[in-house]
Amino acid sequence: YYLPGDDADELPPRVLVNPKLTFLDEPTELGWEGCLSIPGLRGLVPRHGLIRVDARDVDGAPLSFEAAGFHARVIQHEYDHLDGILFVDRMTDMSSITFEEEWDEFGTRKDLPVEV
């Protein structure tokens, strides 16, 4: 998923083999997520805003970096898929689940909660 104004357009595609995530902050932040595995739905998901990633690159070389904000959220989202976890499994309050059409109208409002 992509939200206008996020740093997603600045991030090149990256392969992470056997990633290990270390959470570097508390508490978690709520943010809107969607997924191609559940098309047409979005919900507020708590994620850590700062993580450390230790993995191997596509050639098997060690790779370590920190990710923050949207970048950290995307890595956590994709990492969950390695264990068969979808964004709805991480939601703490199912009342925020919405169809994308409703999200387009209401989900970007500034008065909605953005952190836990």
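Everything below is about the structure printed above this text.
Residues numbered from 1 in each chain as written. Predicted model: local features only at pLDDT ≥ 70, side-chain atom pairs only at ≥ 80, totals over all residues. Heavy atoms only, no water.

## A closer look at the sheet that holds strand β3 (residues 38-47)
Each strand in a sheet pairs with another by means of backbone hydrogen bonds, the pair being arranged parallel or else antiparallel. With antiparallel pairing, the 3 strands of this open sheet are ordered in space as β2-β3-β6. The strands lining the two open edges of the sheet, one partner per strand, are β2 (29-35) and β6 (98-99). Where β3 meets β6, 2 bridges bridge the pair, whose relative direction is antiparallel. For R42, the partnering residue across the bridge sits in β6 and is T98. The strands that helix α1 (residues 69-82) touches are β2 and β3; relative to β2, the one it contacts most, it runs at about 55°. (Pairing = 2+ DSSP bridges. Helix = DSSP H or I, 4+ residues; strand = E, 2+ residues; numbered from the N terminus. Contact = heavy atoms within 4.5 Å. Axes fitted to C-alpha atoms, helices over the stretch in contact; angles between N-to-C directions.)

## Observations concerning the sheet that holds strand β1 (residues 17-23)
Taken in spatial order, the 3 strands of this open sheet run β1-β4-β5, and their pairing is antiparallel. The open sheet has two edge strands, β1 and β5 (62-68), and neither has a second partner. Within the sheet, the average angular offset between the axes of one strand and its neighbour, ignoring direction, is 20°. Bridging between strand β4 (residues 50-56) and β5 involves 7 bridges; their strand directions are antiparallel. Residue pairing for β5: D54 is matched across the bridge by S64. Sheet contacts for α1: β1, β4 and β5; angle to β5, the most-contacted strand, approximately 125°.

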